[in-house]
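Summary of the model geometry
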Amino acid sequence: MSRRIVPEAIAREPWGVLLPLFALNTFGSLVLYSAAGGHLQPWALVHTIHFLVFLAMAFVISRLPRDFFKSITYPIYATLVLLLVVVDLFGAVRGGSQRWINLGFMQLQPSELMKPGIVLALAYFFDSLPPAMTKNWRALLPAAGLIAVPTLLVMAQPDLGTGLSIAAGAGVVVFLAGLPMRWFVGAGIAGAALAPLAFFTLLHDYQRKRVLTFLNPEEDLLGTGYHITQSKIAIGSGGFWGKGFGSGSQSHLEYLPEAHTDFAFSTMVEEWGVVGGLFVIAVFLWVFRWGLNVARNAPDRFSSLLAAGMTFTVFFYMAVNMLMVMGLAPVVGIPLPWISHGGSALMTNMACIGTIMAVERWSRRGGSLSG
Amino acid sequence: MLRDQSHVSSGTLRNSFERRSFLIGGLQAGVGVLLAARLGWIALVQNEKYETASESNRVNLTLIPPRRGVILDRNNAPLASNRMEYRIDIIPERLVDPEATVSQLGRLLSLTDIELRDLTDKLEKAHGFQPLGVAEGLPAELYDKVLVRLPEMPGVVAQQGYTRWYPTGPSVGHLLGYVGPASAEDYKKEKNPLLVTPGFKIGKDGFEKFFETRLRGTPGARRVEVTATGKVVRDLEMRDDVPGKPMKLTINGPLQDYASRRLGVESGAVVVMDCESGDLLAMASMPSYDPNSFSDGIGRIEWKMLSDDDHVPLRNKVLRGLYPPGSTVKPMVALAFLEAGLDPEASVGCSGGLRVGNRVFHCWNRRGHGSVNMSKAIYQSCDVYFYHFAQQIGMDKISEMARKLGLGQQFNLPVVGQHFGTVPDPAWKLKKYDKPWAVYDTVNATIGQGYFLVNPLQQAVMAARIASGKALNPRLLFDPRAQNAPSLGIPQDHLDLVHQAMSDVVNGPGTAGRARLPVDVLMAGKTGTAQVVGLNISSGKTGPWKYRDHGHFVAFAPFDKPKYACAVVVEHGGGSAAAYPIARDVMTFLYDPAKALEVLHGMENGWGGTPQQRMATRYQAVAQQYGVSAPKPADEKEILKRGESPDETEQAPRTPVTEAAPPAPEPDSDAATPAPAAPASQEAPQ
């Protein structure tokens, strides 16, 4: 691509990442097209339109100056917390939990947006924290509060998956912010010790059941274990090349539950085989590599924490979803970005990508602009 | 601020970030590798296992119940065929919410409370995958109504299939038996998945049970692609069923139906046999059940009707009804006398009774018959004649002739459970009761009372053998070849004499003048009235039904060139007058069906319709009276047992008979002169 032919403003965009992402999303549309029995409706077309809309949104985000980011950080955080409270109080109940606010054109899930929101808030917090304070536990209390409030609100919906997701994204930012390693080791040990206790006291019945099922899926073939078993059958029966586009019996005959959302990866592998699966994993790793590189090359602490946190947020989606569909994690309702159907998650992930793109822009201009 | 942390600067944090971001990157790459490895493990290494699982999800093998072999009458008219029907079944194992499903089905099919209760009862007893019939023979629009709701009702199967159909319903109930879903025991015995296929029926009784293996056929199979909810997406492969082999019976279908219906509201049996081939043309036993309504199992109202009925609708009286034959044995006894060398003109003066030992044995005609020779003894049914000469000839000769003519005999027929009764003789009594034979035993036996017990089939065989003089055996399976029956060795002049006397019973100065056929054929016959209880309890003519005399009639026609033999038994009919009009009309049907049907239609109007219509009326009445409070139907085994054993009144006396059994009065006592055939409707039993 010659710079003379393509205008510099366009050429400077990270096409090396955006094109694979577009390919991934188009692949997702194909999977949804097949899952709908060979129809663009109701999922494939919307999926593509969502992507284009949110890509535009990402471009807009990527143009925002760093100071603007900083200035809206806390207002955004506060708004999201407020929305979470509203959802807990008035939100639509679906599938046993309250998560959504109906915006008319789409169902907004504030807890989704809290995933990048917490990253943004913590990046700003650690940026403004004097370096010397990072080893002082008292200075970390506000950070703990920033994390605890949304996490607990989300878990109260109850939505364990998203809650953990928020906590994980936050945890990584805190980790990268340079807190003493022994705290993390200690927290890890404490967590391991408390996990059984939490399992029996904090979790809801259905959540506990999911965990038990995950540990022993064959025990409950027609109940919760059914999801995992059918997903493994879908993936396993795909083989190397898959059953062919439009020929996935597990999804088409409705053996696979949630074939277009949480288990879209299984739907895909059944038809596209290991080849399709490796393509998806490769694109994700490529995006993560780009995201961490942007973070490392970022001009300041805020930008690098922001980029790394956003990368990890996307990673957490991908990892938990794929571990789940392949039977390595309990069933939690987390979709696979760019493949699964669903506006909120796509919006969140594109917001993450847009933010990383913004960081990349800030680094390119170096210190030329005020930071 | 704090001493040991003062050296922390943005530089060190930058370094720490650098290191830790590599750690995170490593974690991400590691997870990526883990995912790829897991993917490879499932999709490549374990591919075969999951491919099999996916196929067994996708493809469903369904057995198609084979069409049962049709059962034809001698003229190839179907007695039992198969009808294409819509049916709904429940597979208990697959039900998610049994109560909700049953009540939804109840609404969709507008089942009555009784039907719902029956269904719930069946569900309670259900075993696993044993399908339960909910409805059969549904109209298309009801079926469609259920079909569209199937996704909401897992465990419910709606399908089109063949159901057994008996065009004449109750008329063939006892003859053919019925079919029904296989029981848990059946399945345990056979372990055949066909037995738990919805819509499959197994022979439960009678002919259907006896020829189960021949009639069953080979199931077809259908491989279909199904969704997780069991909805069929498309057919993959289809193998047609091989219907069971058709079976042809000797039965004359219309005659069977006529005879059954002509029995009317009585409890009894009619057997018609061909005197040349031995073919059984009709084996009617009434009251019966409608085998069509049994195929879904027996509901509580049906069970209430069956178990409360003292006419024992579940018993096939042709084979399992045992009765003292009464005077119908007299032609047989006469043949025994002739064989023993008695001069047929040897006469006895009948004054209405005969002293035997210290007791007087009465003739049914207390006024006496005057001088009686053998012919008159038969057509007037004079008891004294037989009392007198039986003592001379001895029981052994009589019982020998009885056996020769088929009494006490079990025939080689494809039926379940023949009771063969008793032909008493001194050796038998000694063995059974350890008591010596007494003179009064002979006297009782010679008029077909005492220990004598026969079934209607044996009586028909006796009539056919007397008519033909051949050792005919009854046949039920059609065979175009004639039966090469050996002669009984009875001299023709003996037979001629008895034939003439039996003709005189009907056409001469005999006891059954009103049995004369309204067609140009002369029928020969013999009446019989068998007492059930002593005269000290009941006169046998009126009073409680169960104390009334049994009415018998054996006959053949034409008397000079016998073609058809017939036996009629009417349980507690009050005497032979209940039996011979039936024999007359059944014989008439063979020569002039239209005329016979006209008579029948007139009677059925008086009885409240055909057997089906009467059963429907009764069903309504019982349902109205008891509703769901009627008791649950008994087990299948118990139901079958009801028809197995004759009840006590019909069994041989438990204690030896020591009393003389005075003969019951012949009902047509005033018919000393031949009477014209009266309109049958006047003789309709009350």
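Parameters and conventions
- Residues numbered from 1 in each chain as written.
- Chains lettered and ligands numbered in written order.
- Predicted model: local features only at pLDDT ≥ 70, side-chain atom pairs only at ≥ 80, totals over all residues.
- Heavy atoms only, no water.
- Helix = DSSP H or I, 4+ residues; strand = E, 2+ residues; numbered from the N terminus.
- Contact = heavy atoms within 4.5 Å.
- Areas by Shrake-Rupley, 256 points an atom, 1.4 Å probe, with all protein chains shown as cover.
- Buried area = accessible area lost by both parts, 1.4 Å probe.
- Salt bridge = Lys/Arg side-chain N within 4 Å of Asp/Glu carboxyl O.
- Nonpolar A, V, L, I, M, F, W, Y, C, P; charged D, E, K, R; others polar.
- Phe/Tyr/Trp six-rings, centres within 6.5 Å; stacked < 30°, edge-to-face > 60°.
- Buried < 20%, exposed > 50% of the residue type's maximum accessible area, 1.4 Å probe, protein only.
- Lys NZ or Arg CZ within 6 Å of the ring centre and 35° of its normal.
- Pairing = 2+ DSSP bridges.
- Axes fitted to C-alpha atoms, helices over the stretch in contact; angles between N-to-C directions.
- Parallel < 35°, antiparallel > 145°, perpendicular 65-115°, else oblique.
- Left-handed = near helix turned anticlockwise from the far one by under 90°.
- pLDDT = per-residue confidence, 0-100.
- Patch = residues over 30% accessible without salt bridge, like charges linked within 9 Å, V, L, I, M, F, W, Y side chains within 5 Å.

Side note on the overall build of chain A
Helix and strand counts for chain A come out as 14 helices and three strands. Considering only residue pairs separated by 6 or more positions, chain A has 73% of its internal contacts joining residues 24 or more positions apart. For chain A, the computed accessible surface area is about 14,900 Å², with 70% contributed by carbon and sulfur atoms.

What to know about the interface of chain A and chain B
Contacts between the two partners involve 58 residues from chain A, matched on the other side by 43 residues from chain B. Three residues stand out in chain A for area buried against chain B, namely Leu253, Tyr255 and Arg296 of chain A, and they jointly supply 16% of the buried area on that side. Applying the counting rule to chain A against chain B returns zero salt bridges. Looking at the side of chain A that touches chain B residue by residue, the class counts come to 37 nonpolar, 14 polar and seven charged.

Considerations on the packing of aromatic side chains
Tallied over the full model, the rule gives 34 aromatic pairs over all chains. With centroids separated by 5.4 Å and ring planes inclined at 80°, the aromatic side chains of Phe288 of chain A and Phe315 of chain A adopt a geometry described as edge-to-face. Taken together, the residues Phe288 of chain A in helix α12 (residues 264–296) and Phe315 of chain A in helix α13 (residues 301–325) connect sequence positions 27 residues apart. Classification of Phe288 of chain A as buried rests on a relative accessible area of 2%. Grouped by ring-pair contacts, the aromatic residues Phe284, Phe288, Phe312, Phe315, Phe316 and Trp338 of chain A constitute a single cluster. Over the ring of Phe175 of chain A we find Arg20 of chain B, and its NZ or CZ is 4.8 Å from the ring centre. For the cation-ring pair, Arg83 of chain B lies above Trp165 of chain B, with the distance from its terminal atom to the ring centre recorded as 3.7 Å.

What to know about the pairing of strand β11 (residues 268–274) of chain B
All names here are of chain B. The element β11 is extensively covered by neighbouring structure, given that seven of its seven residues are classed as buried. A two-sided burial pattern is seen for β11, the buried positions comprising Gly268, Val270, Val272 and Asp274 on one face and Ala269, Val271 and Met273 on the other. By the bridge criterion, six bridges tie β11 to strand β12 (residues 280–286) in an arrangement that is antiparallel. Looking across to β12, one finds that Val271 is bridged to Met283.

Quick notes on the packing of helix α10 (residues 253–262) of chain B against helix α22 (residues 580–591) of chain B
For any two helices packed against each other, one specifies the crossing angle of their axes together with the interaxial distance. Residue and element names in this part refer to chain B. The N-to-C vectors of α10 and α22 enclose an angle of 155°; their axes lie 10 Å apart at closest approach. The angle between α10 and α22 falls in the class roughly antiparallel. Between α10 and α22 lies a crossing of right-handed hand. Where α10 abuts α22, its residues Pro254, Leu255, Tyr258, Ala259 and Arg262 lie against Pro581, Ile582, Arg584, Asp585, Val586, Phe589 and Leu590. In terms of residue class, the contact of α10 with α22 is made up of nine nonpolar, no polar and three charged.

A few points about the confidence of the model for chain B
All names here are of chain B. Per-residue pLDDT for chain B has a mean of 84; in total, 91% of the residues score no lower than 70. Mean pLDDT across the elements of chain B ranges from a minimum in helix α25 (residues 636–642), with 67, to a maximum in strand β19 (residues 564–570), with 94. For the stretch residues 1–5, pLDDT sits under 50, and the model shows six contacts to residues farther than four places along the chain or on other chains. This model gives residues 667–686 a pLDDT under 50, and the stretch forms 38 contacts once residues within four places in sequence are excluded.

A short note on the sheet that holds β19 of chain B
Residue and element names in this part refer to chain B. Taken in spatial order, the five strands make up an open sheet running β12-β11-β19-β18-β17, and their pairing is antiparallel. Edge positions in the open sheet fall to β12 and β17 (524–530), since each of these has one partner strand only. In this sheet, adjacent strand axes meet at a mean angle of 5° when their direction is disregarded. With respect to the sheet, helix α20 (residues 456–468) is in contact with β11, β12, β18 (550–557) and β19, its orientation differing from that of β19 by roughly 150°.

Brief notes about a nonpolar patch on the surface
A cluster of nonpolar residues, Phe240, Trp241 and Val275 of chain A together with Trp41, Leu44 and Val45 of chain B, forms a patch on the protein surface that exposes about 640 Å² of accessible area. Per element, the largest residue contribution to the nonpolar patch is three residues, and it comes from helix α1 (residues 10–45) of chain B. With respect to the secondary-structure elements, Trp41 of chain B resides in helix α1. The exposure class of Trp41 of chain B is partly exposed, given its relative accessible area of 44%.

Comments concerning the sheet that holds strand β1 (residues 59–64) of chain B
Residues and elements named next belong to chain B. If you walk across this open sheet you meet the three strands as β1-β8-β9, and the pairing is antiparallel. Taken across any chain shown, the strands that pair with only one partner, and hence form the sheet edges, are β1 and β9 (232–239). Here the average twist between neighbouring strands, direction ignored, is 25°. Judged from the six bridges that link them, β1 and strand β8 (residues 220–226) form a sheet pairing that is antiparallel. The partner of Leu61 across the bridge, within β8, is Arg223. In the packing of helix α2 (residues 47–58) onto the sheet, contacts are made with β1, β8 and β9, and the angle to β1 comes to roughly 45°.

Describing the side chain of Ser303 of chain A
All names here are of chain A. Mapped onto the secondary structure, Ser303 falls in helix α13. Looking at Ser303, the relative accessible area reads 0%, which means it is buried. Look past the residues within four positions of Ser303 in its chain and what remains in contact with it is Arg66, Ala298, Val359 and Trp362.

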